[in-house]
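Architecture at a glance
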Amino acid sequence: MKVRILVSFKDSVLDPQGQTVKNALHTMGYAAVKDVRQGKVFELDLEGATKKEAETLVPEIARRVLANPIIEKFDWEILKGRQGSSP
Amino acid sequence: MKVRILVSFKDSVLDPQGQTVKNALHTMGYAAVKDVRQGKVFELDLEGATKKEAETLVPEIARRVLANPIIEKFDWEILKGRQGSSP
Amino acid sequence: MIDKKILDQHSLTEDEYRLIVDLVGKEPNLTELGIFSVMWSEHCGYKSSRVHLKKLPTEGKHVVQGPGENAGILDIGDGQVIVFKIESHNHPSYIEPYQGAATGVGGILRDIFTMGARPIAVLDSLRFGPPDDPKNRSVMEGVVSGIAGYGNSIGVPTVGGEVYFDPCYNLNPLVNVFCLGLADKDKIFYAKAEGAGNKVLYVGAKTGRDGIHGATMASSEFGAETEHKRPNVQVGDPFKEKLLLEACLEVMDRGLIVGIQDMGAAGLTCSTTEMAAKGGMGIVVDLDKVPQREAGMTPYEILLSESQERMLLVATPDNVAAVQEVFAKWDLDAPVIGEVVEGGRARISFKGEVVVDIPVDAVVNLCPAYTRPSVAPAPPPAAPALDSLPLPADCGEVLLKLLASPTIADKEWVFRQYDHMVQVNTVFLPGADAALLRIKGSKKALAVTLDGNSLYTRLDPRTGARIAVAEACRNLACVGARPIGVTNCLNFGNPEKPEVMGQFEQAVTGLAEACRTFGIPVTGGNVSFYNDTEGLSIHPTPVLGIVGILDDIRKAVSPGFKAAGDALVLVGESFEELGGSEYLKVVHGLEAGAPPAIDLEQEKRNQEFLLEAVDAGLVRSAHDLSEGGLAVALAESAFHGARKVGCEVDLDEALRADALLFGESQSRIVVTCRRANVGRLLEMAAARGVPAKAIGLTGGAEIAVRQSGRELLRVPVEKACRIWKDSMPGFFEVRA
Amino acid sequence: MKFGVVQFPGSNCDFDTFHVLRNVMKQDAVMLWHKDHDLKGVDCVVLPGGFSYGDYLRSGAIARFSPLMQEVKAFARGGGRVLGICNGFQILLELGLLPGAMLRNKNLKFLCRHVHIRVENEKTDFTRAAKKGQVLRIPIAHFDGNYYAPAGVLKDIERHRQVVFRYCDAGGTITEEANVNGSLAAIAGIRNREGNVLGLMPHPERASEALLGSEDGRTIFASLILSLEGRKPARRAAVRKKTGHD
Ligand SMILES: Nc1ncnc2c1ncn2[C@@H]1O[C@H](COP(=O)(O)OP(=O)(O)O)[C@@H](O)[C@H]1O
Ligand SMILES: [Mg+2]
């Protein structure tokens with residue numbers, strides 16, 4: 001089973017990387033972009049785990065390892081069969 | 001409108017960060033984790049863009065600014081109202 | 001089955017193919033052809049350059065290893081040697097600046113530690129298009145952070161380098177990285193497979209499809225699916241390389257291996273055949289044992305992959321377990337993939353079948369060398385007669401303009417991103433004429449510099465190359481070090497163009513002449529041809545990396561003025577030479593004229609004198625005159641001082657003011673000494689036939705220059721320094 | 001006194017720190033391997049700078065799971081002195097031995113340069129050889145040194161005088177410009193509430209020899225030695241010497 005975990009800064013923490021991307025986009029003329037937040041994404045391949053096991057395992061891994069709870073929050077989902085990806 | 005863009009190395013490209021995380025998880029006893037790929041996620045707030053406009057704008061930004069198509073691929077989606085996030 | 005089309009895809013000529021058939025004794029299969037194609041490529045085989053490189057002097061009393069190994073080795077006494085080399089990573093750095101530059105660092109580091117040396121310093125020579133173009137800035141930003149990302153992580157300080165800007169690099173930036181290592185003389189290792197029955201071990205990262213020689217195969221052979229998976233740029237993994245470095249040094253230190261070779265260009269192919277050829281042996285390899293990152297790789301792909309952070313070791317069967325234990329300690333696998341055998345052939349099997357069976361000598365040593373047609377480079381565009389060139393109305397403004405020009409401006413924006421202090425040896429941080437490293441437990445120090453002015457080489461390749469050597473040695477002399485060895489990276493256009501070949505020949509001639517004069521051996525280097533994009537070649541750009549030694553580190557001299565009231569002495573003679581100068585380029589928009597003349601013998605005398613004066617303890621600061629001439633050299637000396645002391649200078653040369661201030665006549669150095677010592681210093685110069693004269697005093701808060709009493713310029717040090725410092729960040733911070 | 005320098009995969013200031021402890025400060029020093037469970041009877045554990053595990057994931061995030069770190073944690077809880085330099089500081093934060101977290105430098109670039117830091121609390125085991133408000137010139141070299149703590153935590157840290165060093169200008173004034181990486185409250189180094197664990201971003205081992213441009217870093221090592229020896233600061237400690245090179 002493939003799961004995807006998104007880790008990003010808590011709203012209370014400034015995200016200078018996102019700001020920099022936003023500024024760059026403005027300079028390039030993409031005025032419609034009002035805000036950018038940048039974070040990390042992890043895709044885990046879990047072997048032989050059931051949905052239920054994943055539901056305990058993934059948040060545990062995210063909390064213990066992937067995110068630093070002082071500054072970051074996380075979100076996760078099980079990836080359906082597709083896992084599509086553009087070019 | 002909020003959109004989410006995921007940028008990660010193409011499958012054939014080495015992902016040292018993902019590999020290192022995987023090894024760490026194994027050492028910690030999370031044997032079920034067969035593979036880890038790490039990437040970046042960007043959440044953009046687009047003001048006044050229609051779905052159609054987003055469909056041209058977002059891939060263009062992703063290709064030109066957020067990803068280097070030589071080694072990276074990207075994937076994107078429009079975020080529905082929820083944008084949920086754990087803890 | 002092998003036709004013209006396949007040969008074209010492999011960049012082999014029909015003559016070369018016939019030679020291969022001859023040497024192998026049969027028609028090669030596709031995998032064997034692939035092996036020849038990479039090993040006989042320009043990059044690995046030095047086809048176009050070999051005949052010319054023979055002109056370079058390679059012998060000297062310190063030389064332990066000259067060209068022909070991964071890096072050169074020089075004896076520095078006390079049972080220690082230095083190992084150093086320079087490499088280019090130009091094309092990958094344009095395609096993917098961060099990873100291209102990062103893997104460039106990774107590659108040169110492996111060249112050094114594969115010989116048993118611990119890398120102790122990196123220097124980088126970078127050339128980009130002008131930074132006012134956002135595209136150039138983004139390449140530069142990526143390259144600099146890539147070098148930082150790799151070097152900082154692995155813990156080797158990046159202690160110096162150079163950055164030049166010219167439109168000829170718009171589509172073809174140059175990224176040359178130099179590395180210096182230190183080893184015990186009795187712990188040097190070579191890329192040799194010796195002893196039949198010894199085991200071949202593979203260590204480091206798994207092999208993936210990355211970096212397979214871009215031009216080698218059409219997509220139809222592999223299918224579109226494989227094709228799009230084949231990026232020519234690889235992602236560096238400095239963490240893995242750090243583990244590899246420590247594990248390799250540990251097995252070498254404990255004498256557990258027989259030979260070792262990094263897998264760089266042409267990967268497994270190059271390392272297996274080279275090690276066997278150098279040992280006069282054969283080798284058998286089982287590709288099924290090679291750790292692979294991707295499923296379904298063909299023998300062709302496994303052999304030609306250029307995945308990073310991999311090495312090949314040879315060990316006696318007795319030691320295999322001990323070697324594997326060391327690698328396991330560093331979390332690395334070290335599987336045995338083959339064996340050294342008699343017979344001089346590489347026999348490689350895959351799924352139980354022999355897929356390659358070729359003589360290693362043919363692959364490694366018998367690549368044909370060509371004397372390509374060449375024409376003498378066209379004479380440079382004539383500079384306008386000096387009389388027709390208007391004198392600047394305000395020389396102070398010109399100085400400020402030069403200080404702000406990207407090539408001359410402060411490069412702190414770059415080197416602040418590099419960890420230049422790790423390993424606690426860096427005595428002179430970036431910014432001095434040469435980087436200076438102490439050797440722990442010794443009074444000695446090593447000085448290193450990279451140099452090359454490609455505008456000069458474009459205008460006159462031979463003179464430009466001579467100047468590059470002279471200037472590098474002069475930089476070393478300015479810190480008090482004596483040059484002991486040279487490595488070089490020759491960045492040129494397409495060698496199949498006779499003009500490019502003409503430039504190459506002349507540049508190599510100039511290098512050879514200058515190295516002979518200074519008595520310094522060339523111990524290795526790198527040639528990067530085909531730096532052409534959209535039909536335009538870059539300026540011929542030889543980059544010299546020269547290492548020097550200082551016997552007593554306490555005598556080292558830095559460029560900054562030390563205090564007010566010191567005497568300023570100008571060593572060397574000034575001529576009315578403006579050709580190829582930054583002044584002409586920046587102020588008049590001309591890349592024209594003949595570069596300044598250089599008299600190598602005089603240059604050598606000037607440097608010998610400086611070294612003698614430093615040794616006698618007479619010199620308080622020394623800085624060489626290069627781009628921007630005297631005025632810029634004075635300004636830089638003022639900026640480098642701890643207290644930013646100014647100076648008052650009066651010159652009596654009857655030259656045009658602009659030539660006097662901004663001309664780039666060679667062999668000159670500004671020196672300061674205590675006032676009481678001026679007499680002794682000048683006598684010492686005279687005794688050696690070195691022109692030198694007292695030109696003023698340090699002090700005040702301004703840089704002021706007069707010509708026979710008439711004031712030419714007067715600029716506040718603080719203001720000038722701010723302009724010099726703010727220029728580079730200014731290009732990058734506009735976006736914030 | 002016996003110091004132990006922990007070696008993680010990717011540590012790169014381990015030998016620098018060892019060199020200074022042994023050859024400059026003339027102390028007994030040993031290397032401690034991250035996979036072991038043995039602290040070899042040291043009096044003080046030093047977590048050196050570098051890029052443990054490549055700083056992949058987050059700086060210091062993976063190293064905290066090393067076997068030896070369980071012993072270090074216990075050692076610290078038992079009052080043993082622990083000094084974390086740069087990556088070592090980041091590991092201590094990830095481990096929870098010190099409060100807060102690190103963000104990327106405010107200019108989003110790696111920064112290697114000399115900075116000035118002001119001794120905010122000279123009554124600690126790590127600063128007792130320093131004078132009140134003394135300004136030290138010590139290099140930094142990091143990408144993630146922008147200290148952050150949630151408002152409540154910061155208040156706590158300040159109340160318990162846990163801030164040991166702040167970035168300042170050469171004269172000792174705290175300015176936005178001098179706070180080169182953007183740290184909250186210009187924090188360059190903090191200790192735990194008990195006072196036996198210190199983390200700082202600047203590298204004192206790079207400023208311990210006159211030849212390398214500054215000896216101010218010795219103040220920190222000298223303080224540690226004094227406190228380990230249970231002695232009062234003597235006047236001999238850490239003289240500030242101007243060096244020959246600029
Ligand atoms: N410009 C040069 N000057 C002197 N020696 C050179 C030069 N270019 C290459 N060489 C030497 O030729 C030899 C061939 O190098 P090789 O190992 O095949 O290439 P590389 O490791 O650079 O890919 C090396 O010893 C190298 O130092
Ligand atoms: Mg090599």
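As shown above, the structure is provided for reference.
In this text, all values refer to a predicted model and were calculated from it rather than measured experimentally.

With that out of the way, let us pick up the coordination of the magnesium ion (ligand 2). All names here are of chain C. Here the magnesium ion (ligand 2) is held by Asn70 (OD1) and Asp111 (OD), and the distances to it run 2.8 Å. On the criterion of sequence distance, the pair formed by Asn70 in the loop between β1 (63-65) and β2 (72-77) and Asp111 in helix α7 (residues 97-113) is long-range, its members being 41 residues apart. Residue Asn70 is classed as buried on the basis of its relative accessible area, which comes to 11%.

Once that is clear, we can look at the site of ligand 1. Residues and elements named next belong to chain C. Around ligand 1, the surrounding shell holds 16 residues, and the nearest of these are Gly68, Glu87, Asn488, Gly525 and Asn526. Note that a nitrogen atom of ligand 1 is positioned 3.0 Å from one of the backbone N or O atoms of Asn526. At the level of secondary structure, the elements contributing two or more residues to the shell around ligand 1 comprise β3 (80-88), β17 (482-491) and β18 (522-528). Of all the elements, β18 adds the most residues to the shell around ligand 1, at five residues. Looking at side-chain class alone, the shell around ligand 1 contains eight nonpolar, five polar and three charged residues.

Here we come to the packing of aromatic side chains. Two descriptors summarise a pair of aromatic rings, namely the distance from one centre to the other and the angle between the planes of the rings. Residue and element names in this part refer to chain C. Applying the stated rule across the entire model yields 14 aromatic pairs over all chains. Here Phe84 and Phe178 contribute two aromatic rings whose centre-to-centre distance is 6.1 Å and whose plane-to-plane angle is 40°, an arrangement assigned as tilted. One end of the pair, Phe84, is in strand β3; the other, Phe178, is in strand β6 (residues 174-184), with 94 residues separating them in the sequence. You can call Phe84 buried: its relative accessible area is 0%. Overall, Phe178 belongs to the buried group, its relative accessible area being 0%. Relative to Phe529, the ring of Phe504 has its centre 4.9 Å away and its plane inclined at 55°; by these criteria the two rings are tilted. Note that Phe504 is positioned in helix α19 (residues 498-518) and Phe529 in the loop between β18 and β19 (532-533), a separation of 25 residues in sequence.

Moving on, we get to the pattern of salt bridges. Residues and elements named next belong to chain C. Inspection of the entire model under this criterion finds 72 salt bridges over all chains. Where Arg209 meets Glu301, a salt bridge forms, and the shortest distance between an N and an O atom there is 2.9 Å. With Arg209 in the loop between β7 (199-204) and α9 (219-227) and Glu301 in helix α12 (residues 299-304), this residue pair connects regions lying 92 residues apart in the sequence. Of the two residues, Arg209 and Glu301, neither departs from the other in class, the shared state being buried. Here Arg474 and Glu603 are joined by a salt bridge, their closest N and O atoms 2.9 Å apart. In this pair, Arg474 sits in helix α18 (residues 461-479) while Glu603 sits in helix α21 (residues 600-615), placing the two residues 129 residues apart along the sequence. Each member of the pair, Arg474 as well as Glu603, is classed as buried. It is possible to trace a salt-bridge network through shared partners that takes in Glu648, Glu702, Arg706, Glu711 and Arg714.

What counts and how
- Residues numbered from 1 in each chain as written.
- Chains lettered and ligands numbered in written order.
- Predicted model: local features only at pLDDT ≥ 70, side-chain atom pairs only at ≥ 80, totals over all residues.
- Heavy atoms only, no water.
- Donors = N, O, S within 2.8 Å, 3.2 Å for Na, K, Ca; no water.
- Helix = DSSP H or I, 4+ residues; strand = E, 2+ residues; numbered from the N terminus.
- Buried < 20%, exposed > 50% of the residue type's maximum accessible area, 1.4 Å probe, protein only.
- Near = heavy atom within 4 Å.
- Polar contact = N/O pair within 3.5 Å; in protein donor to acceptor, adjacent residues only side chain to side chain.
- Nonpolar A, V, L, I, M, F, W, Y, C, P; charged D, E, K, R; others polar.
- Phe/Tyr/Trp six-rings, centres within 6.5 Å; stacked < 30°, edge-to-face > 60°.
- Salt bridge = Lys/Arg side-chain N within 4 Å of Asp/Glu carboxyl O.

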